[in-house]
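The primary structure of each chain is shown beneath.
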Amino acid sequence: MKRFLLFLPLLVAIVVGAFLFAGIGKDPTKLDSALVGKPVPVFSLKSLKQPEATLDESLFQGEVTLLNVWGTWCPACRDEHADLMWLAQERKVPIIGLNYKDNRDDALVWLDRLGDPYRTVIYDPKGTLGFDLGVYGAPETFVIDASGVVRYRHVGVVNVEVWEQILLPVITKARGNG
């Protein structure tokens, strides 16, 4: 028994080392999504700006769309906001917002001050749709094709580089142009 106890720290070190080694070189922004290739989950949530309006998955029918998960509590969401404004205004990219685990009044003030890049914003104060999408936090951005199928998930800030190198090629392919 004493011999086993002498080897226990070595055994623990080997197990921990194996887990650490397995993660080396992996990009933490490339989290696989079980939803890629599947329809946007069925949901029924209120609009951020029009609380009397109920929104559902039909929002994602008819054209390729970005679904951007954001919250006023998220510093990285503020970092990407100007780039989302650029995409919406200059590139005419349709973006639907998912205001995630946030306060409605804070979110409305945010959009009033920083601008509103979204065609509409789904208000998800309890994170139910976020949970169904597999959201870990914010920001996260999904490419949804014209049939409402999730084609890609990006974890982290969307900026010009991410747009040009990652999202635009996925959108081009989803549109059938690539």
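See the structure shown above.
Procedures and definitions
Residues numbered from 1 in each chain as written. Predicted model: local features only at pLDDT ≥ 70, side-chain atom pairs only at ≥ 80, totals over all residues. Heavy atoms only, no water. Buried < 20%, exposed > 50% of the residue type's maximum accessible area, 1.4 Å probe, protein only. Helix = DSSP H or I, 4+ residues; strand = E, 2+ residues; numbered from the N terminus. Pairing = 2+ DSSP bridges. Right-handed = clockwise from strand over helix to strand, strands pointing away. Axes fitted to C-alpha atoms, helices over the stretch in contact; angles between N-to-C directions. Parallel < 35°, antiparallel > 145°, perpendicular 65-115°, else oblique. Left-handed = near helix turned anticlockwise from the far one by under 90°. Contact = heavy atoms within 4.5 Å. Polar contact = N/O pair within 3.5 Å; in protein donor to acceptor, adjacent residues only side chain to side chain. Disulfide = S-S within 2.5 Å.

> How do you make sense of the pairing of strand β3 (residues 65–70) when you look at a structure like this?
Each regular strand carries side chains that alternate between the two faces of the sheet. Extensive coverage of β3 is indicated by the burial of 6 of its 6 residues. Going residue by residue along β3, you find Thr65, Leu67 and Val69 tucked away on one face and Leu66, Asn68 and Trp70 tucked away on the opposite face as well. For β3 and strand β6 (residues 140–144), the ladder comprises 5 bridges, and the chain directions are antiparallel. Residue pairing across strands places Leu66 opposite Val143, the latter belonging to β6. Where β3 and strand β4 (residues 95–100) come together, 5 bridges link them in parallel fashion. Looking at the pairing, Asn68 lines up with Gly97 of β4. Taken together, β3, helix α2 (residues 75–89) and β4 constitute a β-α-β crossover, and its handedness is right-handed.

> Explain the pairing of β4 to me, please; I cannot follow it from the model alone.
A large share of β4 lies buried, amounting to 6 of its 6 residues. Going residue by residue along β4, you find Ile95, Gly97 and Asn99 tucked away on one face and Ile96, Leu98 and Tyr100 tucked away on the opposite face as well. Inspection of the sheet shows β4 paired to strand β5 (residues 120–124) by 5 bridges, in the parallel sense. Across the sheet, Tyr100 pairs through a bridge with Asp124, a residue of β5. Between the parallel pair β4 and β5, the chain is carried across by helix α3 (residues 104–114), and the sense of this crossover is right-handed.

> Got a minute to help me understand the packing of α2 against α3 in this structure?
How two helices pack is summed up by the angle between their axes together with the distance between the axes. At their nearest, the axes of α2 and α3 sit 11 Å apart, and the two run at 50° to each other. Judged on the interaxial angle alone, α3 and α2 are oblique. The handedness of the crossing between α2 and α3 is right-handed. In contact with Cys77, Arg78, His81 and Met85 of α2, α3 contributes Trp110, Leu111 and Leu114.

> How do you make sense of the environment of Asn99 when you look at a structure like this?
If you trace the backbone, Asn99 turns up in strand β4. Between the alpha carbons of Asn99 and Gly130 there is a distance of 9.3 Å; along the sequence they are 31 residues apart. Residues in contact with Asn99, not counting those within four places in the same chain, are Leu48, Trp70, Gly71, Ala107, Val121, Ile122, Tyr123, Asp124 and Pro125. Reaching out from Asn99, the side chain makes a polar contact with the side chain of Asp102 at a distance of 2.9 Å.

> Which parts of the structure should I look at to understand unusual backbone geometry?
What you tend to see is this: most non-glycine residues have negative phi, and most peptide bonds are trans. Note that the residue after Ala138, namely Pro139, is joined by a cis bond; omega there is -5°. Tracing the backbone shows Pro139 in the loop between α4 (128–133) and β6. For Lys92, which is not glycine, the phi dihedral falls at a positive 55°. Following the sequence through the fold, Lys92 ends up in the loop between α2 and β4. A positive phi is found at Lys101, a non-glycine position, where the angle reads about 50°.

> Would you mind showing me how to read the state of the cysteines here?
Inspection of every chain in the model, using the stated rule, returns 1 disulfide. Disulfide pairing places Cys74 opposite Cys77 at an S-S distance of 2.5 Å. Residues Cys74 and Cys77 are joined by a disulfide whose S-S torsion is about 85°; by sign, that bridge is right-handed. You'll find Cys74 and Cys77 in the same group, each marked buried.

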